Amino acid sequence: MTKPTKGIFDPKKFLAKVGAGKTILELPKNRHVFQQGDVADSVFYIQKGKVKLTVVSEQGKEAVVAILEPGQFFGEGCMNGHQLRIATTTTMEDCVITSISKDAMMKAIEPKFSQLFMSYLLTRNSRIEEDLIDQLFNSSERRLARLLLLLANFGKEGSPQPISANISQETLAEMIGTTRSRVSYFMNKFRRLGFISYNGHIEVHNSLLSAVLHEKPLLRERDQ
């Protein structure tokens, strides 16, 4: 395992220093960490597993906003004055999550951690902006292709990762704003073209990235 680079803040070491106000949660699959409308008084850090972030509109329509992975924070809105949770978080697999009370975070925060946290929030805001642009200007086929590339960690350090079978076609449909039947159609199409393969999980190949970057005709089809 690669050792952390000297001078780079390690959130795990920081969290190990937090005493009172920290709780380790071991949660099974499909358990809510918190729900939309709950009191916002803690920040969470994922040690193990994946967490789905969803919101429900006043009309009752649910949308998946993000899928969070180990090494990511969530619930940080309480640090910015949010009194109530504006989303629901649900475990997608067995998870180990660190819960830190708002007061403990405020007492333990330091310059290096502040920089890390700000970088994290800016990165997440940029991702949300990209998602909004994606929803406005791209077809559902291209949105699905982009989502698969993101979930497989294309563009990040290291090799692309398989996508867990826990991420269902229903979840993919909710994340790109289309129906499960359309996702199923596109997934079969991607597999037939050799862009993805199934082996207990979804493996995304470089050919999908090439198709998206070069806007090949098979991904220009408009399907709202």
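Each value, and the rule that gives it
- Residues numbered from 1 in each chain as written.
- Predicted model: local features only at pLDDT ≥ 70, side-chain atom pairs only at ≥ 80, totals over all residues.
- Heavy atoms only, no water.
- Salt bridge = Lys/Arg side-chain N within 4 Å of Asp/Glu carboxyl O.
- Helix = DSSP H or I, 4+ residues; strand = E, 2+ residues; numbered from the N terminus.
- Pairing = 2+ DSSP bridges.
- Axes fitted to C-alpha atoms, helices over the stretch in contact; angles between N-to-C directions.
- Contact = heavy atoms within 4.5 Å.
- Parallel < 35°, antiparallel > 145°, perpendicular 65-115°, else oblique.
- Left-handed = near helix turned anticlockwise from the far one by under 90°.
- Nonpolar A, V, L, I, M, F, W, Y, C, P; charged D, E, K, R; others polar.
- Phe/Tyr/Trp six-rings, centres within 6.5 Å; stacked < 30°, edge-to-face > 60°.
- Buried < 20%, exposed > 50% of the residue type's maximum accessible area, 1.4 Å probe, protein only.
- Lys NZ or Arg CZ within 6 Å of the ring centre and 35° of its normal.

Peer 1: Would you explain the pattern of salt bridges in this entry?
Peer 2: Opposite charge on two side chains makes pairing possible when the charged atoms of those side chains draw close. One pass over the full model with this rule turns up two salt bridges. A salt bridge links Glu141 to Lys189; the shortest N-O distance between them is 2.9 Å. With a gap of 48 residues between them, Glu141 in helix H4 (residues 140-151) and Lys189 in helix H6 (residues 180-192) connect regions that are remote in the sequence. Glu170 is the salt-bridge partner of Arg180, the closest N and O atoms lying 3.2 Å from each other. Here Glu170 lies in helix H5 (residues 169-176) and Arg180 lies in helix H6, a separation of ten residues in the sequence.

Peer 1: Would you take a moment to explain the sheet that holds strand S2 (residues 32-34) for this structure?
Peer 2: Strand pairing in a sheet relies on backbone hydrogen bonds, with the paired strands running either antiparallel or parallel. If you trace the four strands from one edge of the open sheet to the other, you get S2-S7-S4-S5, paired in antiparallel fashion. The open sheet terminates on both sides in strands that have one partner only, identified here as S2 and strand S5 (62-68). Within this sheet the neighbouring strands show an average axis-to-axis angle of 30 degrees, counted without direction. Inspection of the sheet shows S2 paired to strand S7 (residues 88-91) by two bridges, in the antiparallel sense. From the neighbouring strand, His32 faces S7, where its bridge partner is Thr90. Docked against the sheet, H5 engages strand S4 (51-56) and S5, running at close to 105 degrees with respect to S5.

Peer 1: Got a minute to help me understand the sheet that holds strand S6 (residues 73-74) in this structure?
Peer 2: Strand order in the open sheet made by the four strands is S1-S8-S3-S6, with antiparallel pairing throughout. On the outer flanks of this sheet lie strand S1 (22-27) and S6, each paired with one strand and no other. Pairing analysis gives two bridges linking strand S3 (residues 42-48) to S6, with the strands arranged antiparallel. Opposite Tyr45, over in S6, you have Phe73 as the bridge partner.

Peer 1: I keep staring at the packing of H4 against H5 and nothing clicks. Help me out?
Peer 2: Helix packing for two helices is described by the angle between their axes and how far apart those axes are. As a packed pair, H4 and H5 sit with axes 10 Å apart at the nearest point and diverge in direction by 115 degrees. Accordingly, the angle class assigned to the pair H4 and H5 is roughly perpendicular. Between H4 and H5 the crossing geometry is right-handed. Between H4 and H5, the contacting residues are Ser140, Arg143, Leu144, Leu147, Leu148 and Leu151 on the first element and Leu172, Met175 and Ile176 on the second. Grouping the amino acids of the contact of H4 with H5 by side-chain chemistry returns seven nonpolar, one polar and one charged.

Peer 1: In this structure, what is going on with the packing of aromatic side chains? I would like to understand it.
Peer 2: Both the distance between ring centres and the angle between the ring planes are used here to describe each pair of aromatic rings. According to the stated counting rule, one finds six aromatic pairs in the structure shown. Centroid distance Phe190 to Phe195: 6.1 Å. Interplanar angle 50 degrees. Geometry classified as tilted. An identical accessibility class is assigned to Phe190 and Phe195; each is buried. Each member of the aromatic cluster is reached from another via a ring pair, and the members are Phe34, Phe44 and Phe74. Over the face of the ring belonging to Phe34 we find Arg85, whose NZ or CZ atom lies 4.1 Å from the ring centre.

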